[in-house]
Amino acid sequence: QQQVKQSPQSLIVQKGGISIINCAYENTAFDYFPWYQQFPGKGPALLIAIRPDVSEKKEGRFTISFNKSAKQFSLHIMDSQPGDSATYFCAASKADKLIFGTGTRLQVFP
Amino acid sequence: SQTIHQWPATLVQPVGSPLSLECTVEGTSNPNLYWYRQAAGRGLQLLFYSVGIGQISSEVPQNLSASRPQDRQFILSSKKLLLSDSGFYLCAWSTGTDEKLFFGSGTQLSVL
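In this text the structure is predicted, and so the values were computed from the model without any measurement. (Residues numbered from 1 in each chain as written. Chains lettered and ligands numbered in written order. Predicted model: local features only at pLDDT ≥ 70, side-chain atom pairs only at ≥ 80, totals over all residues. Heavy atoms only, no water.)

Quick notes on the overall build of chain A
Across its full length, chain A holds zero helices and eleven strands. Moving toward the C terminus, one meets the helices and strands of chain A in the order β-β-β-β-β-β-β-β-β-β-β. In terms of overall dimensions, chain A is globule-like: its C-alpha atoms have a radius of gyration of 13 Å, near the 13 Å expected for 110 residues. Projected onto its principal axes, the C-alpha positions of chain A cover 40 × 30 × 20 Å. Taking all 110 residues of chain A together, the buried fraction comes to 43%. Considering only contacts within chain A whose residues lie at least 6 apart along the sequence, 52% involve residues at least 24 apart. Accessible area of chain A: about 5400 Å², with a carbon and sulfur share of 50%. Looking at charge distribution, chain A has the averaged site of its 12 positive side-chain charges lying 4 Å from that of its 8 negative ones. (Helix = DSSP H or I, 4+ residues; strand = E, 2+ residues; numbered from the N terminus. Rg over C-alpha atoms; globule rule 2.2 N^0.38 Å. Buried < 20%, exposed > 50% of the residue type's maximum accessible area, 1.4 Å probe, protein only. Contact = heavy atoms within 4.5 Å. Areas by Shrake-Rupley, 256 points an atom, 1.4 Å probe, with all protein chains shown as cover. Lys, Arg positive; Asp, Glu negative; His and termini not counted. Charge placed at Lys NZ, Arg CZ, Asp CG, Glu CD.)

This is the structure:
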């Protein structure tokens, strides 16, 4: 049973555009929702995270939007750059165990 | 500062051979330790996690096992590798007081 569903599987965006990746979760006990960024051949690194008591969190060009009633959250990358090309994973956790989505491969073309 | 070391970076093993991947964390005490597997085109699957020496929880039944012989050492093992064990294996740690997870650089395992 997949507890965190992520879409799309891949995304192509032109430089300067907005990249949007969506995730949905099932377990209402989850209380922490991070996004991780992974470059080829490397381990994932924490990008930004949110807790369900807020609906939005922004850090630079990266924004998480959170909809508790719909059990959905999304990552928005504003002014996407070629250096943002990577695989992005959403995740959800309760009690120290992170459950990851299946990942989105983002390609930003100049 | 805390660092996590994982080795080897790449490994090619024949089917039926044993496996031992090692991970160590520096700069922190009593971390929570995790092994994840990332198969091609798939997400990160939690295999094992440990909250202390000798304490291992298995998330997925398989022919892999994990051990934590020391506070900051986590080992992933197999007695006989299968083709389906191929993948990118990631060790990770957290403080146990918050949910932030820090990953190692991974081991690309190819079973032929």
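Things to note about the pairing of strand 7 (residues 64-70) of chain B
Looking along a regular strand, one sees side chains alternate from face to face of the sheet. Residues and elements named next belong to chain B. Pairing between strand 7 and strand 8 (residues 73-78): five bridges, direction antiparallel. From the neighbouring strand, Ala 66 faces strand 8, where its bridge partner is Leu 76. The hairpin formed by strand 7 and strand 8 contains two residues between the paired strands. (Pairing = 2+ DSSP bridges.)

Examining the interface of chain B and chain A
At the interface, 21 residues of chain B touch 19 residues of chain A. Counting each side, the surface lost to burial between chain B and chain A is near 1500 Å², with a carbon and sulfur contribution of 53%. Taken as a group, Leu 44, Glu 99 and Phe 103 of chain B account for 35% of the area that chain B buries against chain A, more than any other trio of residues on that side. For the pair chain B and chain A, the number of links is two salt bridges. The partner of Glu 99 of chain B in a salt bridge is Arg 51 of chain A, and the shortest N-O contact between them spans 2.7 Å. Run the count over chain B and chain A and you get five residue pairs in polar contact (both at pLDDT 80 or more). Among the elements of the structure, strand 4 (32-38), strand 5 (44-52) and strand 9 (87-94) of chain B are those that each provide at least two residues to the side of chain B that touches chain A. Element by element, the count of residues in the side of chain B that touches chain A is highest for strand 4 of chain B, at four residues. (Buried area = accessible area lost by both parts, 1.4 Å probe. Salt bridge = Lys/Arg side-chain N within 4 Å of Asp/Glu carboxyl O. Polar contact = N/O pair within 3.5 Å; in protein donor to acceptor, adjacent residues only side chain to side chain.)

Here's the deal with the nonpolar core
Of all hydrophobic cores here, the largest spans 24 residues; its most connected members are Phe 33, Trp 35, Phe 73, Leu 75, Tyr 88 and Leu 106 of chain A. Put simply, the parts of the chain that give this core at least two residues each are strand 2 (10-14), strand 3 (19-25), strand 4 (33-38), strand 5 (45-50), strand 7 (62-67), strand 8 (72-77), strand 9 (86-94) and strand 11 (104-109) of chain A. Element by element, the count of residues in this core is highest for strand 9 of chain A, at four residues. Counting 20 residues, the second largest nonpolar core, distinct from the first, contains Leu 19, Leu 33, Phe 74 and Cys 91 of chain B. (Core = buried A, V, L, I, M, F, W, Y, C linked by side-chain atoms within 4.5 Å.)

So, the pattern of salt bridges
Counted under the stated rule, the structure contains seven salt bridges over all chains. The partner of Glu 59 of chain B in a salt bridge is Lys 97 of chain A, and the shortest N-O contact between them spans 3.2 Å. Highlighted residues: Glu 59 of chain B in the loop between strand 6 (55-58) and strand 7 and Lys 97 of chain A in strand 10 (residues 97-100), drawn from two different chains. Owing to a relative accessible area of 32%, Glu 59 of chain B belongs among the partly exposed residues under this scheme.

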